[in-house]
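# Examination of the molecular architecture
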Amino acid sequence: MTIRGRHLLGIEHLGPDEINSILDLADDYARLNRSRSKRSTALASLTQINMFFENSTRTQASFEIAGKRLGADVMNMSMQASSIKKGETLVDTALTLNAMHPDLLIVRHPHSGAVDLLAQKVNCAVLNAGDGKHEHPTQALLDALTIRRAKGRLHRLNIAICGDISHSRVARSNIMLLGKMENRIRLIGPPTLMPSQISEFGVEVYDDMNEGLKDVDVVMMLRLQKERMDGGFIPSEREFYHRYGLDAEKLALAKDDAIVMHPGPMNRGVEIDGTLADDINRSVIQEQVEMGVAVRMAAMDLLARNLKNSRAETGVMV
Amino acid sequence: MTKKLLTNARLIDPENGTDSLGAILIADGMIEAVYDVAVPDVSGPEVVDCRGKCLAPGIVDIGVKVSEPGERHKESFKSAGLAAATGGVTTIVTRPDTLPAIDTPEVLEFVRRRANEATDVRIIPMAALTKGRDGGEMTEIGFLQDAGAIAFTDCDRVVENTKVFSRALTYARSLDALVIGHVQEPILSKDAAVTSGKFASLRGLPSVSSMAERIGLDRDIALVEMTGAKYHVDQITTARALPALKRAKANGLDITAGISIHHLTLNELDVADYRTFFKVKPPLRSEDDRIAMVEAIADGTLDIISSMHTPQDEESKRLPFEQAASGAVALETLLPAALRLVHSEQVDLPTLFRALSLNPSKRLGLDTGRLTADAPADLILFDDGAPFVMDRTTLKSKSKNTPFDGQRMQGKVLGTWVAGTRIYER
């Protein structure tokens with residue numbers, strides 16, 4: 001059970017075997033998290049720093065809990081409030097932190113590629129917690145684990161990803177992961193919220209939700225990223241809800257046992273009907289949150305193993 | 001001044017489209033005579049044996065950013081001059097996008113004085129078309145022209161206000177002044193870091209459709225038709241813009257177009273994992289576009305190749321891709337990069353120098369760029385096949401932001417002459 005890289009920067013760099021490794025280990029951690037003790041020592045004596053250059057409550061909390069359950073010393077840095085405001089560049093911030101010898105850096109940044117840049121400059125393992133519109137690998141992994149547990153498999157499923165695809169790093173990472181695991185992916189949304197030439201990624205693109213949802217096994221809703229909108233991508237929230245919001249009527253077009261997912265935080269009544277989101281027979285949204293902690297524990301555990309191995313090989317603290 | 005005879009040279013003559021052995025006699029800074037293989041009596045003048053290497057008119061590079069005034073730590077006239085001489089560029093036509101912009105005769109005077117003190121390469125300044133390059137009011141085009149401005153441009157900023165732009169074009173026409181524009185639909189291209197497409201979607205970067213260039217070009221062609229101005233497009237980089245350009249030329253408008261060396265030799269995929277040295281303006285295009293542009297150079301639809309030399313320090317490049325500054329240095333890599341088109345047999349040497357030397361000279365009304373008697377003796381001697389691996393730390397430019405770092409290239413400049421004086425020797 002291993003992954004090959006020193007960092008986890010995106011799904012793009014992972015092979016199917018590595019994805020399975022993370023999910024298998026995450027299954028174990030999911031069991032641990034439901035047990036009474038919830039404790040492991042996988043990250044004992046390691047230092048984990050959460051650097052969030054962009055607001056996040058849920059993801060940051062998830063990483064913090066994951067690190068603490070594995071015995072790491074966890075520190076949260078709210079980067080918006082600190083040095084960036086004083087004009088320090090990302091690379092300088094990275095070098096400063098690097099000098100404190102952290103072992104795991106968990107980074108979220110509003111610009112695509114910023115986490116890659118940072119990873120080139122530090123000696124520890126870097127885990128991408130979301131960079132711009134690029135990737136959010138642990139979200140895709142937790143979605144995959146949730147699907148695998150609900151459906152019993154992670155291949156040959158019809159999966160619809162719906163809503164604001166173009167501003168979504170969650171969508172990009174999911175398209176890559178679910179594609180690598182050989183699923184059929186449908187993207188559903190207004191053409192103004194589709195990335196250009198997205199059909200070349202081996203997905204089917206629909207602008208009619210009623211057509212796109214037919215016979216799917218999984219309906220993955222995305223948050224309508226209001227804060228990212230310049231304005232003018234869609235006529236109005238209510239028209240968006242009418243055409244692309246998930247309600248019981250539209251869901252009826254999917255398979256009878258189709259599950260409903262959402263990465264959160266939800267805009268009830270914009271992209272998803274509130275009652276549907278709470279329907280424990282269809283919605284796995286709470287399970288996604290639970291699997292989030294397990295997947296992050298697994299990913300950090302595997303990165304820490306690589307880190308320890310490379311240190312053992314070189315005999316130096318790197 | 002003694003006469004000089006450059007013998008045994010492979011003469012690259014863009015005017016006649018020939019590539020043949022011969023010799024050139026230099027006297028008083030000018031080419032006195034061009035001989036074919038049968039060289040007359042060689043006693044008397046100082047003789048330089050070119051050993052069968054290529055001798056071509058020096059490159060005239062329109063659109064070089066020398067960061068004076070304002071950011072001399074990025075590039076000074078001295079360092080730019082050294083880089084140019086090393087790269088076979090004998091005339092630098094400088095951009096006015098400095099700090100402050102070159103938009104008054106006084107600033108232009110400063111620039112000319114600094115340039116003359118610092119380097120032997122010919123330096124000819126351009127001036128801004130609008131004050132502060134803000135697109136609001138036209139500059140003193142007449143005074144600036146008297147002070148030596150050879151063309152007027154707001155560089156990579158589009159004059160968004162069509163009324164302001166049309167008046168500036170009309171006024172420039174009365175002075176027979178050349179206006180150089182950047183064609184982009186400004187709202188569509190705002191904040192874009194890459195060209196829309198599969199790669200942009202994969203990387204999640206803000207992007208602009210290649211169609212924004214055509215929209216910009218269409219507007220400017222209409223304005224040229226309306227005003228009768230003399231107009232040059234700094235860079236055409238997309239296949240979809242070419243038909244409009246061809247039509248405008250066929251209709252007799254006084255319009256020409258250029259392209260940067262980077263858009264001829266690199267494509268959008270070179271950005272790879274967010275490599276900011278490949279961030280240029282406009283962004284790199286698809287491979288299909290690149291191939292179309294090479295063909296447009298070969299068939300003459302595109303007139304001029306330039307370096308678009310844009311020095312940036314490490315700090316402005318070592319940032320997330322969206323925030324990183326645009327531009328690349330290219331004075332020293334222009335020729336070896338352009339020779340890639342020759343080695344791939346898409347363009348021959350005389351055609352290449354038509355775009356590097358002859359056409360820019362003609363467009364600016366200069367008598368350089370030719371290999372004929374009575375032309376200035378601005379010459380470069382180069383070995384078109386000499387291989388090397390580009391090492392950016394060896395660049396003479398103060399800034400080292402070249403996208404060709406670590407790449408295998410061919411073509412070394414062996415000597416550079418300006419007005420008959422050798423200013424560079426390898």
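Overview of the structure.

Analysis parameters
- Residues numbered from 1 in each chain as written.
- Chains lettered and ligands numbered in written order.
- Predicted model: local features only at pLDDT ≥ 70, side-chain atom pairs only at ≥ 80, totals over all residues.
- Heavy atoms only, no water.
- Helix = DSSP H or I, 4+ residues; strand = E, 2+ residues; numbered from the N terminus.
- Rg over C-alpha atoms; globule rule 2.2 N^0.38 Å.
- Buried < 20%, exposed > 50% of the residue type's maximum accessible area, 1.4 Å probe, protein only.
- Contact = heavy atoms within 4.5 Å.
- Areas by Shrake-Rupley, 256 points an atom, 1.4 Å probe, with all protein chains shown as cover.
- Lys, Arg positive; Asp, Glu negative; His and termini not counted.
- Charge placed at Lys NZ, Arg CZ, Asp CG, Glu CD.
- Pairing = 2+ DSSP bridges.
- Axes fitted to C-alpha atoms, helices over the stretch in contact; angles between N-to-C directions.
- Salt bridge = Lys/Arg side-chain N within 4 Å of Asp/Glu carboxyl O.
- Nonpolar A, V, L, I, M, F, W, Y, C, P; charged D, E, K, R; others polar.
- Expected span 1.5 Å × (residues − 1).
- Polar contact = N/O pair within 3.5 Å; in protein donor to acceptor, adjacent residues only side chain to side chain.

### So, the overall build of chain A
On a plain count of helices and strands, chain A comes out with eleven helices and nine strands. Taken over the C-alpha trace, chain A has a radius of gyration of 19 Å; the compact-globule value for 318 residues is 20 Å, and the two agree within 12%. Expressed as lengths along the three principal axes of its C-alpha atoms, the size of chain A is roughly 60 × 45 × 35 Å. Within chain A, the fraction of its 318 residues that count as buried is 59%. Sequence separation of 24 or more characterises 74% of the internal contacts of chain A that already satisfy a separation of 6 or more. Entry remark: accessible area of chain A is about 13200 Å², with carbon and sulfur atoms responsible for 48%. Positive and negative charge centroids in chain A, built from 39 and 41 side chains respectively, lie 4 Å apart.

### Topic: the sheet that holds strand S8 (residues 122-125) of chain B
Residue and element names in this part refer to chain B. Spatial strand order, S6-S7-S8: three strands in an open sheet with parallel pairing. In the strand order of this sheet, the two ends are held by strand S6 (59-64) and S8, each with one partner. Ignoring strand direction, the axes of neighbouring strands in this sheet form an average angle of 20°. Pairing geometry for strand S7 (residues 89-94) and S8, over four bridges, is parallel. Across the sheet, residue Ile 92 finds its bridge partner in S8, namely Ile 123. Against the sheet, helix H1 (residues 77-87) engages S6, S7 and S8, with an angle of about 140° to S7. Sheet strands in contact with helix H13 (residues 349-364) are S6 and S7, and its direction is about 70° off that of S6.

### Comments concerning the interface of chain B and chain A
Each side of the interface is counted separately: chain B has 16 residues, and chain A has 23 residues. At the boundary of chain B and chain A, one finds one salt bridge. Of the residues in the side of chain B that touches chain A, the class split is seven nonpolar, five polar and four charged.

### Let's talk about helix H5 (residues 137-151) of chain A
Along an α-helix, residues three or four apart share an orientation, since each turn contains 3.6 residues. Residue and element names in this part refer to chain A. Taking 1.5 Å per residue, 15 residues should reach 21 Å; H5 reaches 21 Å between its end C-alpha atoms and fits that length. For H5, the tally of buried residues reaches 13 of 15 residues, placing the bulk of the element in the interior. At the exit of H5 stands Gly 152, carrying a positive phi of roughly 80°.

### Some details on the side chain of A:Ser283
Residues and elements named next belong to chain A. Along the chain, Ser 283 falls in the loop between helix H10 (274-277) and helix H11 (285-314). Ser 283 sits in the buried class, given a relative accessible area of 12%. Separated by 2.8 Å, the side chain of Ser 283 and the backbone oxygen of Ala 277 make a polar contact. Within polar-contact distance, the side chain of Ser 283 engages the backbone nitrogen of Ile 285 at 3.3 Å.

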